[in-house]
Amino acid sequence: MTHSVLQGFTKSLAMTVLSEIGDKTFFAAAILAMRYPRRLVLAGCLSALIVMTILSALLGWAAPNLIPRKLTHHVTTLLFFAFGLWSLWDAFKDGEAEDLAEIEAELDANMKTNGASKDRSKGDDDTKKNRRSFLTQFFSPILLKAFSITFFGEWGDKSQLATIGLAADENPFGVVLGGILGQALCTTAAVIGGKSLAKQISERLIALSGGVLFIIFGIQSVLSAVES
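None of these values were measured; they are calculated from a predicted model.

Thresholds, definitions, all that
- Residues numbered from 1 in each chain as written.
- Predicted model: local features only at pLDDT ≥ 70, side-chain atom pairs only at ≥ 80, totals over all residues.
- Heavy atoms only, no water.
- Helix = DSSP H or I, 4+ residues; strand = E, 2+ residues; numbered from the N terminus.
- Buried < 20%, exposed > 50% of the residue type's maximum accessible area, 1.4 Å probe, protein only.
- Contact = heavy atoms within 4.5 Å.
- Areas by Shrake-Rupley, 256 points an atom, 1.4 Å probe, with all protein chains shown as cover.
- Salt bridge = Lys/Arg side-chain N within 4 Å of Asp/Glu carboxyl O.
- Axes fitted to C-alpha atoms, helices over the stretch in contact; angles between N-to-C directions.
- Left-handed = near helix turned anticlockwise from the far one by under 90°.
- Nonpolar A, V, L, I, M, F, W, Y, C, P; charged D, E, K, R; others polar.
- UniProt positions renumbered as here; feature names shortened; annotations may be inferred.
- Phe/Tyr/Trp six-rings, centres within 6.5 Å; stacked < 30°, edge-to-face > 60°.
- Lys NZ or Arg CZ within 6 Å of the ring centre and 35° of its normal.
- Parallel < 35°, antiparallel > 145°, perpendicular 65-115°, else oblique.

Draft legend 1. Structural detail: the overall build of the protein chain. Looking only at helices and strands, one finds 11 helices and zero strands in the protein chain. Put simply, the protein chain runs from its N terminus to its C terminus through helices and strands in the order α-α-α-α-α-α-α-α-α-α-α. Burial status across the protein chain gives 42% buried among its 228 residues. Pairs at least 24 residues apart make up 93% of the contacts formed inside the protein chain by residues separated by at least 6 positions. In the structure as shown, the protein chain presents an accessible area of about 12200 Å², 66% of it carried by carbon and sulfur atoms.

Draft legend 2. Main features of the pattern of salt bridges. Applying the stated criterion across every chain yields a total of one salt bridge. One salt bridge connects Lys-11 with Glu-170, and the closest N-O pair in it is separated by 2.9 Å. Note that Lys-11 is positioned in helix H1 (residues 3-20) and Glu-170 in the loop between helix H9 (158-169) and helix H10 (172-200), a separation of 159 residues in sequence. For Glu-170, a relative accessible area of 13% translates into the label buried.

Draft legend 3. Quick peek at the packing of helix H4 (residues 69-92) against H9. Running from N to C, H4 and H9 cross one another at 145 degrees; their axes reach a closest spacing of 9 Å. Note on packing geometry: the crossing formed by H4 with H9 is left-handed. Contact residues: Arg-69, His-73, Thr-76, Leu-79, Phe-80, Phe-83, Trp-86, Ser-87 and Asp-90 in H4; Lys-158, Leu-161, Ala-162, Gly-165, Leu-166, Ala-168 and Asp-169 in H9. Looking at the contact of H4 with H9 residue by residue, the class counts come to eight nonpolar, four polar and four charged.

Draft legend 4. Broad picture of the UniProt feature "transmembrane region" (unreviewed entry) in the protein chain. Residues annotated by UniProt as "transmembrane region" (unreviewed entry) correspond here to residues 40-59, 71-89, 134-153, 173-193 and 205-226. As annotated, residues 40-59 has a helix share of 100% and a strand share of 0%, and its two end C-alpha atoms lie 29 Å apart. Taken as a whole, residues 205-226 contains 100% helix and 0% strand, while its terminal C-alpha atoms sit 32 Å from one another.

Draft legend 5. Inspection of the packing of aromatic side chains at higher detail. According to the stated counting rule, one finds four aromatic pairs in the structure shown. For the ring pair Phe-151 and Phe-152, a centre distance of 5.5 Å and an interplane angle of 90 degrees mean the geometry is edge-to-face. Linked through ring pairs, Phe-147, Phe-151, Phe-152 and Trp-155 together constitute an aromatic cluster. Over the ring of Phe-217 we find Lys-11, and its NZ or CZ is 5.2 Å from the ring centre.

Draft legend 6. Geometry of the packing of helix H3 (residues 38-66) against H9. Where H3 meets H9, the axes come as close as 7 Å, and the angle between the chain directions of the two elements is 45 degrees. Relative to H9, the element H3 is oriented oblique. Pair H3 / H9 crosses with right-handed handedness. Residues Met-52, Thr-53, Ser-56, Ala-57, Leu-59, Gly-60, Trp-61 and Pro-64 of H3 touch H9, and the partners they reach there are Gln-160, Thr-163, Ile-164, Ala-167 and Ala-168. Here the contact of H3 with H9 is built from residues that sort into eight nonpolar, five polar and no charged.

Here it is as structure tokens:
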């Protein structure tokens, strides 16, 4: 792994983990995993996040070809500082513990509007899973629900925009690898740990760490511009 790929990988991995832990899509994955088969929830959420990471990195890679590289570098620097201040603001504002309940209420409302009276016993779920073919499970409504909730929840999110900016400034291949690994770690933790893990996470500490990390990225971006 070359230096540029490794740098993009490490930056993307750190940014993704600190952005996604305690994020709305993290809570959504945790709650869905309490209600549906974990492997389907994990497959749906993770595939959505992988697609989103690749799309974001492609946008970031294409940006310097459409816009002067110097301008994209300045925009990326501003984004890092903006996201750093945004994360620090999130860390100190009130309402830290409300996200989990808010996401749970949204999912409950979504289930009601879709006529989700599908609360079956675990034994019935296991029996049906054994009868399904791989293709049927792949296109399972549960998998598709997890995919759509995660994909549209991430669209335009801070972590997506940060990935675009990072890919414009770093090696996009490294950014994709780091982003996918970070998403896999966070989503697996959310699905396996469930709501109990989500409740134990200190959102304030995560937001503080993320804010400091973004500001460090911004300072590094300024220094690299000065050196060049």
